[in-house]
Amino acid sequence: MSFPIHRPRRIRRTEALRGLVRETRLTTAGFVYPMFVCPGEKVRKEVGSMPGVYQQSVDQIVEECREVESLGIPAIILFGLPESKDARGSSSLAKTGVVQRAVEAIKKARLNLLVITDVCLCEYTDHGHCGVVEDGEILNDPTLEILAQQALSHARAGSDIVAPSDMMDGRVAAIRNVLDGHKFEDTPILAYAAKYCSGFYGPFREAAQSAPQSGDRRSYQMDPANAREALKEVALDLGEGADIVMVKPALPYLDIIRAVRERFDVPLGAYNVSGEYAMVKAAAQNGWIEEKRVVLEILTGIQRAGADIILTYHAKDAARWLKS
Ligand code: PBG
């Protein structure tokens, strides 16, 4: 194997050659577009740290869903900004909650679009933690029933896939159990299986108004230094009945995506999170990077690492670029 017999540049000479031998073909078919639904009507408020991303009322969400569908993006994931918050996140269970109403409205519009709903408490609790708090401690087991009931209310509203992002132990089993007990045995669970305690969620917490009022999420989200533990988390979630697993964030954790891909033969998602999006947007707005090129490179990298599904705020732009 040596020069001059081998000249790797031979198959890099033209775009036709490069296209023929390309290993990763980035496709819109794996994109999921995240959306934030808020109360009111005709509300469309841009998130300061996330240009192009909006907090929107149900009517506006449906309009943007039409656009998402027309771009060939197969799915959205919904996050809710409720009317009221309390210690237990009760507003997340209401039949008339923001997410429930949005799901119903999107389904009523009969779009060719999967609706995934994020299942968590942090957007609905006054303390901003993903579970019930007692004496400054985030309690695991008392949180499970609330999460399961929230997932059930999403399924009843018509959610196609429920996606627990809280990182409580045993939540996939608790959700599976309650869904199955109410004839939702066919509703899949997308588990945020390896979710790291990350600084890259900053802009999301502005978008979802879900920053913890005190303390941090280190007692439930994973330590960024751990890789083996991610495999354990994935194995546990699969054992509890997760249909699809996810690694989050994406860019600082490409090795985790690759490791999960190699170890488990299940659909794998990666969340290209708010901070990753904000950095690209900020640099592009300053003219420091070429947005289109960088975004497509990032998404290709995430897919190349092994993700089948990519949750990304760039989905609409990338879908447009991949079309043309
Ligand atoms: C809720 C949740 C978060 C994200 C998705 N679901 C925030 C958090 O854990 O603090 C982050 C998504 C993003 O940053 O884009 N638990």
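What this report covers is the structure whose coordinates are included nearby. (Residues numbered from 1 in each chain as written. Predicted model: local features only at pLDDT ≥ 70, side-chain atom pairs only at ≥ 80, totals over all residues. Heavy atoms only, no water.)

**Describing the site of the ligand**
Condition: Any residue with a heavy atom positioned within 4 Å of a molecule or strand is treated as near that molecule or strand. As used in this structure description, the phrase polar contact means that two N or O atoms lie within 3.5 Å; if the pair is within protein, one of them must be able to donate a hydrogen and the other to accept it, and residues adjacent in sequence are counted only when both atoms belong to side chains. Throughout, the Shrake-Rupley method with a 1.4 Å probe supplies accessible areas, and for residues the shown protein chains are the sole cover considered. Amino acid classes used here: Ala, Val, Leu, Ile, Met, Phe, Trp, Tyr, Cys and Pro are nonpolar; Asp, Glu, Lys and Arg are charged; the rest, including Gly, are polar.
Neighbouring residues of the ligand: 18 residues in total, closest Lys195, Arg205, Lys248, Ser274 and Tyr313. Taking serine 165, its side chain carries an N or O atom lying 3.2 Å from a nitrogen atom of the ligand. Contacts to the ligand include tyrosine 313, whose side-chain N or O atom sits 2.6 Å from an oxygen atom. In isolation the ligand exposes 400 Å². Once the protein is present, 100% of that is buried. In the shell around the ligand, the residues fall into ten nonpolar, three polar and five charged.

**With respect to the nonpolar core**
Heads up, the condition is: Among buried residues, the Ala, Val, Leu, Ile, Met, Phe, Trp, Tyr and Cys ones that are joined through side-chain atoms within 4.5 Å form a nonpolar core. Per-residue accessibility, obtained with a 1.4 Å probe over protein chains only, is compared with the maximum for each type, and a residue is labelled buried under 20%, exposed over 50%, and partly exposed between these values. Runs of E in the DSSP output that reach at least two residues are strands. Runs of H or I that reach at least four are helices, and both are numbered from the N terminus. The contact criterion used throughout is that any non-hydrogen atoms of two residues lie within 4.5 Å.
Counting 80 residues, the largest nonpolar core has Ile76, Leu78, Ile106, Ile257, Val260 and Ile302 as its most contacted members. The element best represented in this core is helix α4 (residues 141–157), accounting for eight residues. Excluding residues that lie within four positions of it along the chain, leucine 78 makes contacts with Met35, Val37, Ile61, Val99, Ala102, Val103, Ile106, Val115, Ile116, Thr117 and Asp118. Counting 27 residues, the second-largest nonpolar core is a separate cluster that includes Met50, Val53, Ile77 and Tyr201.

**Looking at the packing of helix α10 (residues 291–305) against helix α11 (residues 315–323)**
Heads up, the rule is: For helices, the axis comes from a line fit to the C-alpha atoms of the stretch in contact; other axes are also lines fit to C-alpha atoms, and the angle between any two N-to-C directions lies between 0 and 180 degrees. Note that the term roughly parallel is reserved for angles under 35 degrees, roughly antiparallel for angles over 145, roughly perpendicular for angles of 65 to 115, and oblique for everything else.
Running from N to C, α10 and α11 cross one another at 100°; their axes reach a closest spacing of 10 Å. By the criterion of interaxial angle, the relationship of α10 to α11 is roughly perpendicular. Seen from α10, the contacting residues are Glu291, Lys292, Val295, Leu296 and Leu299; seen from α11, they are Asp317, Ala318, Trp321 and Leu322. Across the contact of α10 with α11, the residue classes break down as six nonpolar, no polar and three charged.

**Things to note about the packing of aromatic side chains**
The line we're drawing: Stacked, edge-to-face and tilted labels apply to pairs of Phe, Tyr and Trp rings (six-membered ring for Trp) whose centres lie within 6.5 Å, assigned for plane angles under 30 degrees, over 60, and everything in between, in that order. Here, a charge over a ring means that NZ of Lys or CZ of Arg falls within 6 Å of the ring centre while also lying within 35 degrees of the ring normal.
Overall, the coordinates contain eight aromatic pairs when judged by the stated rule. Among the aromatic side chains, those forming a connected cluster through ring pairs are Phe36, Phe79, Tyr192, Phe204, Tyr271, Tyr277 and Tyr313. Across the ring face of tyrosine 201, the terminal group of lysine 248 is positioned such that the distance to the ring centre comes to 4.5 Å. Taking NZ or CZ as reference, lysine 248 lies 5.0 Å from the ring centre of tyrosine 271, over its face.

**Points about the environment of histidine 182**
Within the secondary structure, histidine 182 sits in the loop between α5 (171–181) and β9 (190–195). Sequence separation of histidine 182 and serine 198 is 16 residues, and the distance between their C-alpha atoms is 35 Å. With residues near it in sequence (within four places) discarded, histidine 182 still touches Leu152 and Arg156. Of note is the side chain of histidine 182, whose polar atom sits 2.9 Å from the backbone oxygen of valine 178.

**A short note on unusual backbone geometry**
Of the consecutive residues phenylalanine 3 and proline 4, the connecting peptide bond is found in the cis state with omega at 10°. Cis geometry marks the peptide bond from lysine 248 to proline 249; its omega dihedral reads -10°. Among the structural elements, proline 249 can be located in the loop between β10 (244–248) and α8 (254–263). The phi torsion at lysine 42 lies on the positive side, around 55°, for a residue other than glycine. By the element assignment, lysine 42 lies in the loop between β1 (31–37) and β2 (44–47).

**Overview of the side chain of threonine 312**
Note on placement: threonine 312 falls in strand β12 (residues 309–312). A polar contact is formed between the side chain of threonine 312 and the side chain of asparagine 272, at a distance of 2.8 Å. At 3.0 Å, the side chain of threonine 312 and the backbone nitrogen of histidine 314 are in polar contact.

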